[in-house]
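Summary of the model geometry
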Amino acid sequence: MGCVRRVLVVGGSPEPSSAETVRAAARGCDAVVAVDRGLDALLASGLSCDLFCGDADSVSEKGAALVRSAEESLDPAFEVVRYNPHKDDTDLGLALGEVLRRWPEARIVATCMSGGNPDHELAVLGRLSAWSGELEVKEDRFDQRFLKSGDVWNLSGHEGERFTFVPLSCEAVVSERSMRWELDHKHVPLLSDLGVSNVIESGGASITCHEGLVVAWVFRS
């Protein structure tokens, strides 16, 4: 595979994103990674993957058959990295390690990450927030970003939509512009609800994380 600048990672959420969202997330991506059940979401979207990562314990029988065929073929449709089900990490954590090893400079677009059990959802949030490079999440109802110190998310095109941020560090320093409620270098503590349910007022809206780490969402109308 040539130069890979953008990688789609399709997670194994039991409540996957729609086929339309998965296809939209895939646009402009140079490589596609399926994380276990994420292969089913790709198949439902009419897309193929370049790399399957997982222990194949949650993928459908159709998907599992494709994985077995790829493992046995001399010219496989996609590469398979299969894990022992008795492992000390999640499929997503191990898959992100594979992405980092193969394409360390690539930007990640993730989908099918947010549904299912609360423990898994929190673990996914933690794992994605630890990614050191650029990463965005696209789901049916929202776009999500993780902002570290110095990061800015320009929100042009989202006028009138609901916006939320939550600090994931002990404290974050945040500014919000062109929103119903604005902030200027506000110190916000861990998991504070201060940034919940703002409204984007104009095309010049933005959020800046001056210090710390925040997760932020734009909820589509």
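Heads up: these notes are all about the structure in this document. Keep in mind the model is a prediction, meaning the values are calculated, not measured.

1. Describing the sheet that holds strand E11 (residues 183-189)
Spatial strand order, E8-E13-E10-E11: four strands in an open sheet with antiparallel pairing. With partners counted over all chains shown, the strands left at the sheet margins are strand E8 (151-154) and E11, one partner each. Adjacent strand axes in the sheet meet at a mean angle of 20 degrees when their direction is disregarded. In the sheet, E8 pairs with strand E13 (residues 206-211) via four bridges, with the strands oriented antiparallel. Its bridge partner being in E13, Asp151 is matched across the sheet by Cys209.

2. Details of the packing of helix H4 (residues 91-102) against helix H5 (residues 118-129)
Packing of H4 against H5 brings their axes to within 10 Å, and their N-to-C directions diverge by 20 degrees. Taken together, the axes of H4 and H5 lie roughly parallel to each other. Considering only the axes of H4 and H5, their crossing is right-handed. Note on element contacts: H5 touches H4 through Val124, Arg127 and Leu128, opposite Leu92, Gly93 and Leu96.

3. What about the nonpolar core?
Among the nonpolar cores identified, the biggest contains 31 residues, and Val7, Val9, Val33, Val99, Trp103, Ile108 and Leu128 are the most heavily contacted of them. When near neighbours in sequence (up to four residues on either side) are disregarded, Val9 contacts Val33, Val35, Leu92, Val99, Ile108, Val109, Ala110, Thr111 and Met113. In terms of nonpolar packing, the next biggest core, distinct from the first, is built from 21 residues, Val10, Val32, Phe52 and Ala56 among them.

4. Observations regarding the layout of surface pockets
In this model, the largest pocket occupies a volume close to 550 Å³. Every residue lining the largest pocket is counted, 25 residues in all, and those nearest its centre are Gly12, Thr90, Asp91, Leu92 and His120. Mapped onto the lining of the largest pocket, the elements with two or more residues apiece are H4 and H5. The greatest single-element share of the lining of the largest pocket, amounting to five residues, is contributed by H5. Taken together, the residues that form the lining of the largest pocket break down as seven nonpolar, nine polar and nine charged. Estimates place the volume of the second largest pocket at around 220 Å³. Forming the walls of the second largest pocket are Arg107, Leu128, Trp131, Gly133, Glu134, Leu135, Arg145, Phe146, Leu147, Lys148, Asp151 and Val152. Of all the elements in the fold, those that place two or more residues in the lining of the second largest pocket are strand E7 (142-148) and E8. In terms of residue count, the dominant contributor to the lining of the second largest pocket is E7 (four residues). When the residues that make up the lining of the second largest pocket are grouped by side-chain class, the tally is six nonpolar, one polar and five charged.

5. Quick word on the packing of aromatic side chains
Tallying each qualifying case throughout the model produces two aromatic pairs. Ring plane angle 65 degrees and centroid distance 6.0 Å describe the contact between Trp153 and Phe163, whose orientation is recorded as edge-to-face. Of this pair, Trp153 sits in strand E8 while Phe163 is found in strand E9 (residues 162-167), placing the two residues 10 residues apart along the sequence. Considered together, Trp153 and Phe163 belong to a single accessibility category, that of buried residues. The ring of Phe219 has Arg162 lying over it, and the distance from NZ or CZ to the ring centre is 3.9 Å.

6. What about helix H3 (residues 61-72)?
The end-to-end C-alpha distance of H3, which contains 12 residues, comes to 16 Å, matching closely the 16 Å that a straight helix rising 1.5 Å per residue would cover. Considered for burial, the residues of H3 that qualify are Gly63, Ala64, Val67 and Ala70. Seen from one end, H3 has its buried residues packed into an arc of 120 degrees, which puts them on one side. Exposed positions of H3 whose direction lies more than 90 degrees from the buried face are Glu61, Lys62 and Glu72. On its buried face, H3 is in contact with helix H2 (38-44), strand E3 (51-54) and strand E4 (79-82).

Conventions adopted
- Residues numbered from 1 in each chain as written.
- Predicted model: local features only at pLDDT ≥ 70, side-chain atom pairs only at ≥ 80, totals over all residues.
- Heavy atoms only, no water.
- Pairing = 2+ DSSP bridges.
- Helix = DSSP H or I, 4+ residues; strand = E, 2+ residues; numbered from the N terminus.
- Axes fitted to C-alpha atoms, helices over the stretch in contact; angles between N-to-C directions.
- Parallel < 35°, antiparallel > 145°, perpendicular 65-115°, else oblique.
- Left-handed = near helix turned anticlockwise from the far one by under 90°.
- Contact = heavy atoms within 4.5 Å.
- Core = buried A, V, L, I, M, F, W, Y, C linked by side-chain atoms within 4.5 Å.
- Buried < 20%, exposed > 50% of the residue type's maximum accessible area, 1.4 Å probe, protein only.
- 1 Å grid on protein atoms, 1.4 Å probe; cavity = no way out; pocket = protein on both sides within 12 Å on 5 of 7 lines; lining within 4 Å.
- Points joined across faces, edges and corners; volume = space filled by probe spheres on them.
- Nonpolar A, V, L, I, M, F, W, Y, C, P; charged D, E, K, R; others polar.
- Phe/Tyr/Trp six-rings, centres within 6.5 Å; stacked < 30°, edge-to-face > 60°.
- Lys NZ or Arg CZ within 6 Å of the ring centre and 35° of its normal.
- Expected span 1.5 Å × (residues − 1).
- Arc of directions from axis to C-beta.

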